[in-house]
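If you want the building blocks of each chain, they are given just below.
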Amino acid sequence: MGAFFTKGRIALLTIFAVLVIDQVIKIIVKTTMYWHESIRIADWFYIYFTENNGMAFGMEIFGKLFLTSFRIVAVSVIGWFLYKFVQKGLKTGFIVCVSLILAGALGNIIDSLFYGLVFNESTHAQIASFMPAEGGYAPFLYGKVVDMFYFPIIETNWPSWMPFIGGEHFIFFSPIFNFADAAISCGIIALLLFYSKYLNDSYQIIKKS
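What counts, and at which threshold
- Residues numbered from 1 in each chain as written.
- Predicted model: local features only at pLDDT ≥ 70, side-chain atom pairs only at ≥ 80, totals over all residues.
- Heavy atoms only, no water.
- Patch = residues over 30% accessible without salt bridge, like charges linked within 9 Å, V, L, I, M, F, W, Y side chains within 5 Å.
- Areas by Shrake-Rupley, 256 points an atom, 1.4 Å probe, with all protein chains shown as cover.
- Salt bridge = Lys/Arg side-chain N within 4 Å of Asp/Glu carboxyl O.
- Helix = DSSP H or I, 4+ residues; strand = E, 2+ residues; numbered from the N terminus.
- Pairing = 2+ DSSP bridges.
- Core = buried A, V, L, I, M, F, W, Y, C linked by side-chain atoms within 4.5 Å.
- Buried < 20%, exposed > 50% of the residue type's maximum accessible area, 1.4 Å probe, protein only.
- Phe/Tyr/Trp six-rings, centres within 6.5 Å; stacked < 30°, edge-to-face > 60°.

Q: I would appreciate a short explanation of a nonpolar patch on the surface in the present structure.
A: A contiguous nonpolar patch, built from Trp-44, Ile-153, Ile-154, Phe-172 and Phe-173 and spanning about 500 Å² of accessible area, is present on the exposed surface. Residue position: Ile-153 is located in the loop between β3 (145–150) and β4 (154–157).

Q: Quick question: what am I supposed to make of the sheet that holds strand β1 (residues 38–42) here?
A: Within a sheet, adjacent strands bond to each other through the backbone by hydrogen bonds, running parallel or antiparallel. The strand order across the open sheet formed by four strands is β1-β2-β3-β6, and the pairing between neighbours is antiparallel. Either end of the sheet is taken by a strand with one partner, and the two such strands are β1 and β6 (176–177). Direction of pairing for β3 relative to β6: antiparallel, over a ladder of two bridges. Each residue of the ladder has a partner; that of Tyr-150, found in β6, is Ile-176.

Q: Help me understand the nonpolar core, please; the structure alone is not making it clear to me.
A: Side chains that are nonpolar tend, in soluble globular proteins, to be buried together. Ranked by internal contacts, the top residues of the largest apolar core, which has 26 residues, are Ile-15, Leu-82, Phe-85, Phe-94, Ile-95, Leu-191 and Tyr-195. Those elements that place two or more of their residues in this core are α1 (2–32), α2 (62–87), α3 (92–118) and α4 (179–194). If you tally residues by element for this core, the top one is α3, at 11 residues.

Q: What is the right way to look at the packing of aromatic side chains in this model?
A: Where two aromatic rings form a pair, the distance of their centres and the angle of their planes describe that pair. Considering all chains together, one arrives at 16 aromatic pairs under this definition. Here Phe-114 and Phe-140 contribute two aromatic rings whose centre-to-centre distance is 5.9 Å and whose plane-to-plane angle is 50°, an arrangement assigned as tilted. Placement of Phe-114 in helix α3 and of Phe-140 in the loop between α3 and β3 is noted, with a sequence separation of 26 residues between them. Using a relative accessible area of 42% as the deciding quantity, one classes Phe-140 as partly exposed. Among the aromatic side chains, those forming a connected cluster through ring pairs are Trp-44, Phe-45, Phe-149, Phe-151 and Phe-177.

Put into structure tokens, the structure is as follows:
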């Protein structure tokens, strides 16, 4: 029972820490930067404010609602798995990895659920404000996910002699992401690198539950 509470506290602290850091960064960026404004930290690192509509296959209404609902269901399932892993006393590192994935997913769900209600629109000419008098930019479930980390580690042009892509601009690692995305990626990578054998054991635990 002592191990259950210890591992449970570690899981909750991990989730809480990721959520707080993620939301603080997003709120600061959202309320201090114009949409698509960029701050150069280094040649290979920028704070670039953009937002992800989260639309599935370009569908403007059903796609967004479906994606947000799917995320909620997925987080609920991961949360149930995490509870079982803690209950069965699996390794602390494994539990931390799953907690990172859960926290990252929750962080982006918060944006989708509430940001449309509590912020007005971010544009090239307007910085968003929190709880504007005129109301938010979208109804519940239709908020946009805030992204800001951009790492163009290599930016160059393909050699002109290369077929099909010669002379075209090339950026290595062009995705723009947020802290929640990073938590999900770190959790998944760590699981695969250090706990791949443990994944099968966890699957057996789930089957028996």
